[in-house]
Amino acid sequence: MDLLTPLFEDEKLHQHFKTISDGRIGRYYQRDEILRWLEGFPDRDNKFVKEFQTTFNSSFWEIYLHAVFREYGFSFDWTYAAPDFLVSAADTTFTVEATTANHAADGTPEWGEPLTAEFFDNVDFNELNRIAIIRLANAFMGKSRKYLEKYANHGHVKGRPFVLAVAPFEQPGFNLQSYRAIEALLFDHYVDEAEYLADPDRFPDGLLVKSLGCVEKDNGAEIELGFFQSPRFRHISAVVFSHLATWGKVDAMCGNPDAFIRSIWLTPEGMKPIVTRASECTEMITDGLRIYHNPYATNPLPLEAFRREGVVQFWGDHQNHSLLQEQAENCLQSRTAITLLKGNDEDFKEKAVP
């Protein structure tokens, strides 16, 4: 699959694809890394390259998931066109449908506003999270309907865990939501960071979790939160989520000595910031991954399927509405990547020669 040779005129290419195709030396490392993620991934409908170049995010998310599943040692069955993945781990075979939370038709795309110091200084976390919850709910509901209407009775799906893999790309600064929005959506567990930042002295024990009950859309309609707190979505066994499966993950893993990675890790001793060159960075493909299990699932996904150091798993106790977890004190929290790009197209061609 030739993923990176442009097939269209410049105006049809996605902003991100144009960025990674600009030919400078630093891009060589990035392009080489994503091609490693792609190894063994088939273009089953002969549309994948087109979609990667023109819409980008959903295709990038699928490539990331493929690399994650391969790292876990899952076996792939590409016989069926849908859902996106049919994989086996140990004694469990399950299907995975990938989706992304995207901006609304009248919203600003995640690449549509420069992320300047002024932008970060003026972030309204509650509004950012409200938008994130709404767009995540839209993606979740769309795939839930698709499962019930199209997938449920397929022989390779029926009786097996069905996992929804969701990534957020719905607004500029989307990564700032961290995992606040997805946990509010699934379990009605919300952390009000704006409240904490306004007066940290009120919270000597740190951030608190609260219940919102619902969020209001721009048209006044309400979305009831806690999708995994009732049997309503029992057909969805778990949600795979990462706000860090972005191009910064490629930067962190590509080995470019001119890329600098600043990451924050949660450890048993507390938050630990690390700054390093990508050539020395130890971040792995699975770092930042979070698995949310549905306690009401008809076909539960075993915890063993995704159990790994640094991968956080959550499952709810629906009797007392508590949220249980493992590896939550040993995981990647955030990452910023800065790449110094050098050279021109001719330099890149020289570097790219095998």
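The sections below set out a description of the structure shown in this document.

Regarding its fold elements, the protein presents 10 helices and 15 strands. The C-alpha atoms of the protein give a radius of gyration of 20 Å, which matches the 20 Å a tight globule of 354 residues would have. Principal-axis analysis of the C-alpha atoms gives the protein an extent of 65 × 55 × 45 Å. Out of the 354 residues belonging to the protein, those deemed buried represent 49%. Summing over all exposed atoms, the protein offers an accessible surface of approximately 16900 Å²; the carbon and sulfur share of this is 48%. Put simply, the protein has 35 plus and 53 minus side-chain charges, and the middle of one group is 5 Å from the middle of the other.

This part is about the packing of aromatic side chains. Between two aromatic rings, the relevant description is the distance of the centres plus the angle of the planes. Evaluated as defined, the whole model comprises 33 aromatic pairs. Pairing Phe41 with Trp78 gives two aromatic rings, centres 5.8 Å apart and planes at 80 degrees, and the pair type is edge-to-face. Pair noted here: Phe41 is in the loop between helix H2 (25-38) and helix H3 (48-54) and Trp78 is in the loop between strand S1 (75-76) and strand S2 (85-89), with a separation of 37 residues, a long-range link. Exposure remark for Phe41: the relative accessible area of 9% places this residue in the buried category. Within the aromatic cluster, the residues linked to one another by ring pairs are Phe41, Phe48, Phe69, Tyr72, Phe74, Phe76, Trp78, Phe85, Phe94 and Phe306. Taking the ring centre of Phe227 as reference, the NZ or CZ of Arg232 above it sits at 5.7 Å.

Moving on, we come to the nonpolar core. Core analysis: the largest hydrophobic core is formed by 45 residues, its most contacted members being Phe52, Phe94 and Phe306. Top element by residues in this core is helix H4 (residues 57-72). It accounts for nine residues. Residues within four places of Phe306 in sequence aside, it is in contact with Phe69, Tyr72, Phe74, Phe94, Val240, Leu289, Ile291, Leu301, Val311 and Gln313. One finds Leu136, Phe162, Leu185 and Leu266 within the second-largest nonpolar core, a separate group that totals 38 residues.

Reading the values: rules and limits
- Residues numbered from 1 in each chain as written.
- Predicted model: local features only at pLDDT ≥ 70, side-chain atom pairs only at ≥ 80, totals over all residues.
- Heavy atoms only, no water.
- Helix = DSSP H or I, 4+ residues; strand = E, 2+ residues; numbered from the N terminus.
- Rg over C-alpha atoms; globule rule 2.2 N^0.38 Å.
- Buried < 20%, exposed > 50% of the residue type's maximum accessible area, 1.4 Å probe, protein only.
- Areas by Shrake-Rupley, 256 points an atom, 1.4 Å probe, with all protein chains shown as cover.
- Lys, Arg positive; Asp, Glu negative; His and termini not counted.
- Charge placed at Lys NZ, Arg CZ, Asp CG, Glu CD.
- Phe/Tyr/Trp six-rings, centres within 6.5 Å; stacked < 30°, edge-to-face > 60°.
- Lys NZ or Arg CZ within 6 Å of the ring centre and 35° of its normal.
- Core = buried A, V, L, I, M, F, W, Y, C linked by side-chain atoms within 4.5 Å.
- Contact = heavy atoms within 4.5 Å.

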